[in-house]
Amino acid sequence: MDVTVTPLPGLGTQQDFITASGHRVGVITYRDGRLELIVSAGEDPDKVAASVGLTGEETSALANLLGAPQLVSQLTKQQREVTGITTWQLPVAAGSPYDGRSLGETEMRTRTSVSIVAVVRGGTAHPSPGPDFEFAGGDLVVVVGTADGLRAAGEVLDKG
């Protein structure tokens, strides 16, 4: 997918791409920090059909709505290409020994040889969580490793 970056002198920049249906979808980032989501008319990719100004919080929410499923999908696709490596989502149940505790306390990599690549909480992806990231009941932990490692990681999250 080709993303075009266009400087808008005195305003900011526009980043966009053209969809398979011929619509241009993009974001204008203004110099003052404002963001605007734009969509072009199908018949004329240079004519804006709709634009929506977004706050920082709204931008983050939209990015998470679009990013969380894409992150898991991309990891699943990539793992198919590597023999012996699997990507899986493991739940942190309410009442898990790690509900309210940090990723570092699990010693997951040392104990199971799996890597935690993201945590999905309430539809929001938290990619590459650090050791101080605190788990909460209902989290889905995206892990990459061998089948044995994934089983062991599930046991760690479930039983400690």
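Residues numbered from 1 in each chain as written. Predicted model: local features only at pLDDT ≥ 70, side-chain atom pairs only at ≥ 80, totals over all residues. Heavy atoms only, no water.

Engineer: Whenever I open this one, the environment of Leu54 confuses me. Can you help?
Structural biologist: Turning to its location among the elements, Leu54 is positioned in strand 5 (residues 44-54). The spacing of Leu54 and Leu35 is 19 residues in sequence and 5.5 Å in space, taken between C-alpha atoms. The contact partners of Leu54, leaving out residues within four places of it in the chain, are Leu35, Leu37, Thr59 and Leu62. (Helix = DSSP H or I, 4+ residues; strand = E, 2+ residues; numbered from the N terminus. Contact = heavy atoms within 4.5 Å.)

Engineer: Would you mind going over the pattern of salt bridges with me for this structure?
Structural biologist: A side chain with one charge may pair with a side chain of the opposite charge, provided their charged atoms come close. Under the criterion given, the structure shown has five salt bridges. The shortest N-O distance in the salt bridge between Arg24 and Asp16 comes to 3.0 Å. Note on accessibility: Arg24 and Asp16 belong to one class, buried. For Asp139, the salt bridge identified is with Arg121, shortest N-O distance 2.7 Å. With Asp139 in the loop between strand 8 (124-127) and strand 9 (140-145) and Arg121 in strand 7 (residues 115-121), this residue pair connects regions lying 18 residues apart in the sequence. Asp139 gets classed as buried once you look at its relative accessible area, which sits at 1%. (Salt bridge = Lys/Arg side-chain N within 4 Å of Asp/Glu carboxyl O. Buried < 20%, exposed > 50% of the residue type's maximum accessible area, 1.4 Å probe, protein only.)

Engineer: Hey, could you run me through unusual backbone geometry in this one?
Structural biologist: With the exception of glycine, the majority of residues adopt a negative phi angle, and the majority of peptide bonds are in the trans configuration. One non-glycine residue, Glu107, lies in positive phi territory at about 50°. Inspection of the secondary structure assignment puts Glu107 in the loop between helix 2 (103-106) and helix 3 (108-112). A positive phi angle, close to 50°, is found at Ser128, a residue other than glycine. Topologically, Ser128 is positioned in the loop between strand 8 and strand 9.

Engineer: Is there a simple way to explain the side chain of Asp139 in this structure?
Structural biologist: Of the polar contacts made by the side chain of Asp139, one reaches the backbone nitrogen of Ala136; its length is 2.8 Å. When residues no more than four places from it in sequence are discounted, the contact partners of Asp139 are Leu90, Pro91, Val92, Val119, Val120, Arg121, Phe133 and Glu134. (Polar contact = N/O pair within 3.5 Å; in protein donor to acceptor, adjacent residues only side chain to side chain.)

Engineer: Would you explain helix 4 (residues 147-159) in this entry?
Structural biologist: Every α-helix carries 3.6 residues per turn, so stepping three or four residues along brings you back to the same face. Over its 13 residues, helix 4 extends 18 Å from the first C-alpha to the last, a length consistent with the 18 Å expected when each residue adds 1.5 Å. Every buried residue belonging to helix 4 is among Gly149, Leu150, Ala153, Val156 and Leu157, and all of these are buried. Buried residues in helix 4, looked at end-on, bunch into an arc of 120°, giving them a common side. Exposed residues on helix 4 whose side chains face more than 90 degrees from its buried face are Asp148, Arg151 and Lys159. Phi for Gly160, located one or two positions after helix 4, is positive at around 95°. (Expected span 1.5 Å × (residues − 1). Arc of directions from axis to C-beta.)

Engineer: Please clarify how the environment of Lys159 should be interpreted in this entry.
Structural biologist: In this fold, Lys159 is placed in helix 4. Lys159 sits in the exposed class, given a relative accessible area of 65%. Residues Lys159 and Gly95 lie 64 residues apart in sequence; the distance between their C-alpha atoms is 9.9 Å.

Engineer: Mind showing me how you'd approach the layout of surface pockets here?
Structural biologist: To find leftover empty space, one rolls a probe the size of a water molecule over the atoms. Quantified by volume, the largest pocket comes out at close to 410 Å³. Those elements giving two or more residues to the lining of the largest pocket turn out to be strand 2 (12-18), strand 3 (24-30), strand 4 (35-41) and helix 1 (56-80). Among the elements that take part in the lining of the largest pocket, helix 1 stands out by supplying five residues, more than any other. Here the residues of the lining of the largest pocket sort into ten nonpolar, four polar and two charged. (1 Å grid on protein atoms, 1.4 Å probe; cavity = no way out; pocket = protein on both sides within 12 Å on 5 of 7 lines; lining within 4 Å. Points joined across faces, edges and corners; volume = space filled by probe spheres on them. Nonpolar A, V, L, I, M, F, W, Y, C, P; charged D, E, K, R; others polar.)

Engineer: Please explain the packing of aromatic side chains as it appears in this structure.
Structural biologist: Where two aromatic rings form a pair, the distance of their centres and the angle of their planes describe that pair. Per the stated rule, a full pass over the model turns up one aromatic pair. A centroid spacing of 6.1 Å and a plane angle of 75° characterise the contact between Phe133 and Phe135, whose relative ring orientation is edge-to-face. A relative accessible area of 15% places Phe133 in the buried class. The class for Phe135 is buried, based on a relative accessible area of 2%. One Lys or Arg, Arg34, reaches over the ring of Tyr30 and ends 4.1 Å from the middle of that ring. (Phe/Tyr/Trp six-rings, centres within 6.5 Å; stacked < 30°, edge-to-face > 60°. Lys NZ or Arg CZ within 6 Å of the ring centre and 35° of its normal.)

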